[in-house]
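Per-entry structural report
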Amino acid sequence: MTEANKIAIVTGGGRGIGRAIVERLRRDGATVVTCGRGERPADLPADIIWVTGDVSRPEDASRIAATAAQHGDITVLVNNAGIQIEKTVPETTDAEWDQLVGVNCRGVFNMCRAVIPLMAEGGGDIVNLGSISGMVADPSMAIYNASKGFVHSLTRSIAVDHGPKVRCNAVSPGWIMTEMAESGFALASDPEKARADSIARHPARRFGKPEDVANVVAWLVSTESAFVTGHCITIDGGLTAASPLQPGLF
Ligand code: NDP
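For the structure given in this document, a descriptive report is provided here. Computed from a predicted model, the values in this text were never measured in an experiment. (Residues numbered from 1 in each chain as written. Predicted model: local features only at pLDDT ≥ 70, side-chain atom pairs only at ≥ 80, totals over all residues. Heavy atoms only, no water.)

Turning next to the overall build of the protein. When helices and strands are tallied, the protein shows seven helices and seven strands. Secondary structure elements of the protein, listed N to C terminal, follow the sequence β-α-β-β-α-β-α-β-α-β-α-α-α-β. The C-alpha radius of gyration of the protein comes to 18 Å, within 12% of the 18 Å expected for a compact globule of 250 residues. The principal-axis extents of the C-alpha atoms in the protein amount to approximately 55 × 40 × 40 Å. Across the 250 residues in the protein, those meeting the buried criterion constitute 50%. Sequence separation of 24 or more characterises 67% of the internal contacts of the protein that already satisfy a separation of 6 or more. (Helix = DSSP H or I, 4+ residues; strand = E, 2+ residues; numbered from the N terminus. Rg over C-alpha atoms; globule rule 2.2 N^0.38 Å. Buried < 20%, exposed > 50% of the residue type's maximum accessible area, 1.4 Å probe, protein only. Contact = heavy atoms within 4.5 Å.)

Below you can see the structure in the form of structure tokens.
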């Protein structure tokens, strides 16, 4: 769906949802630059450009953007990199606040600030990874939930401040099976029971796959979504559409 010759940055594309987005945009013909804090993953396709960098550091964000700009005007930025800390407010240390807010909030800000001035005159598309946790509170994830609320709000501001040159949207995934989601279920007293209960609450009767998110991101960076900006699209198999009444009892 992405037009060929696009220059796309996807942060945190080494694994999980980011990897699926990288592979989808590549398949659609884009030149894709991605990053992570470690070394280049061995299984990353050879034509994907890798930058070792931490989006929470402004200088790394600028370096990631400059690397992409060497290949042409940047047309797509997907702010996917994110971390999760499973704590309530009193449990959260200053170091954990700095780390989580540094990646999930400042990282998105750093990348947008570095990339918007480098976006193609003809226009660019930004997609931020929010979460249903930015709309409804997952237990024991206070700062993570709040960080995703920030992402949803920043998305609207960028759309308003930089339209029509830049479109900015967010996606709000629900339970997408990656390392991050596994660590969420590990919090439950009975993870298997929590999984079964959660699936029963999904009208789609399954958890999401990284590709479910990548498909929506591909649409959001295509001309087919040209009139969509400042919006947050939920991708949760219907989980947050359901009332809290226990399925099966009614
Ligand atoms: P994973 O933990 O599987 O992957 C996260 C990726 O981000 C990794 O490649 C990681 O690489 C990278 N990353 C983390 N911190 C940084 C950093 N500071 N700089 C650069 N890269 C970084 O997570 P998911 O794929 O599950 O999640 C991706 C996004 O989707 C996140 O923003 C998450 O909050 C969001 N999301 C996920 C949901 C889910 O159910 N999985 C639900 C809702 C939202 P490395 O560690 O090597 O740096």
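Having seen the structure, we can now continue with the description.
A separate point is the packing of helix α3 (residues 94-115) against helix α4 (residues 142-162). Where α3 meets α4, the axes come as close as 10 Å, and the angle between the chain directions of the two elements is 15 degrees. As summarised for this structure, α3 and α4 are arranged roughly parallel, according to the angle between their axes. The hand of the α3/α4 crossing is right-handed. Contact residues: α3 offers W97, L100, V101, N104, C105, V108, F109 and C112, while α4 offers I143, Y144, S147, K148, F150, V151, L154 and I158. Class assignment of the residues belonging to the contact of α3 with α4 gives a composition of 13 nonpolar, two polar and one charged. (Axes fitted to C-alpha atoms, helices over the stretch in contact; angles between N-to-C directions. Parallel < 35°, antiparallel > 145°, perpendicular 65-115°, else oblique. Left-handed = near helix turned anticlockwise from the far one by under 90°. Nonpolar A, V, L, I, M, F, W, Y, C, P; charged D, E, K, R; others polar.)

The subject of this paragraph is the site of the ligand. Within the structure, the ligand sits among 28 residues, and R37, D54, N80, Y144 and T178 are positioned closest to it. In the environment of the ligand, a nitrogen atom lies 2.8 Å from a nitrogen or oxygen atom belonging to the side chain of D54. (Near = heavy atom within 4 Å. Polar contact = N/O pair within 3.5 Å; in protein donor to acceptor, adjacent residues only side chain to side chain.)

The next subject is the environment of L118. You can see L118 is positioned in the loop between α3 and β5 (124-129). Owing to a relative accessible area of 34%, L118 belongs among the partly exposed residues under this scheme. Distance from L118 to D73, taken between C-alpha atoms, is 6.5 Å for residues 45 residues apart in sequence. Once you skip the residues sitting within four places of it in the chain, L118 turns out to touch A65, A69, D73 and I74.

Turning our eyes to something else, we now look at the packing of helix α1 (residues 16-27) against helix α7 (residues 210-220). Packing of α1 against α7 leaves a shortest axis separation of 8 Å and a crossing angle of 50 degrees. For the element pair α1 / α7, the angle class is oblique. Here α1 and α7 pass one another in a crossing that is right-handed. In contact with G16, I17, A20, I21, R24 and L25 of α1, α7 contributes P210, E211, V213, A214, N215, V217 and A218. Tallied by class, the residues present in the contact of α1 with α7 amount to nine nonpolar, two polar and two charged.

Between its terminal C-alpha atoms helix α2 (residues 58-69) stretches 16 Å, which fits the 16 Å expected from 12 residues at 1.5 Å a residue. Within the span of α2, buried status applies to D60, A61, I64, A65, T67 and A68. Looking straight down α2, one finds that the buried residues subtend no more than 160 degrees of arc, so they occupy a single side. As for α2, its buried residues are in contact with β1 (7-11), β2 (31-36), β3 (49-52) and α3. (Expected span 1.5 Å × (residues − 1). Arc of directions from axis to C-beta.)

Turning next to the pairing of β5. Counting buried positions over the six residues of β5 gives six, a clear majority of the element. Across the two faces of β5 the burial is the same, with G124, I126 and N128 and D125, V127 and L129 all buried. Relative to β5, strand β4 (residues 76-79) is paired through four bridges, and the arrangement is parallel. Along β5, the bridge assignment pairs V76 with D125. With α3 bridging β4 and its parallel neighbour β5, the resulting β-α-β unit is right-handed. Note: β5 against strand β6 (residues 166-173), six bridges, orientation parallel. Note that in β6 the partner of V127 across the bridge is N169. For the handedness criterion, the β-α-β arrangement of β5, α4 and β6 is classed as right-handed. (Pairing = 2+ DSSP bridges. Right-handed = clockwise from strand over helix to strand, strands pointing away.)

Residues of β4 alternate between two faces, with V76 and V78 on one and L77 and N79 on the opposite face, all of them buried. The sheet contact formed by β1 and β4 spans three bridges and is parallel. Pairing of V10 across the sheet is with V78, part of β4.

Following the criterion strictly, the structure yields two aromatic pairs and no others. With centroids separated by 5.4 Å and ring planes inclined at 55 degrees, the aromatic side chains of F185 and F207 adopt a geometry described as tilted. Taken together, the residues span a long stretch of sequence, with F185 in helix α5 (residues 179-185) and F207 in the loop between α6 (191-200) and α7 at a distance of 22 residues. F207 shares its class with F185; the two are buried. Aromatic ring contacts, followed pair by pair, group W175, F185 and F207 into a single cluster. (Phe/Tyr/Trp six-rings, centres within 6.5 Å; stacked < 30°, edge-to-face > 60°.)

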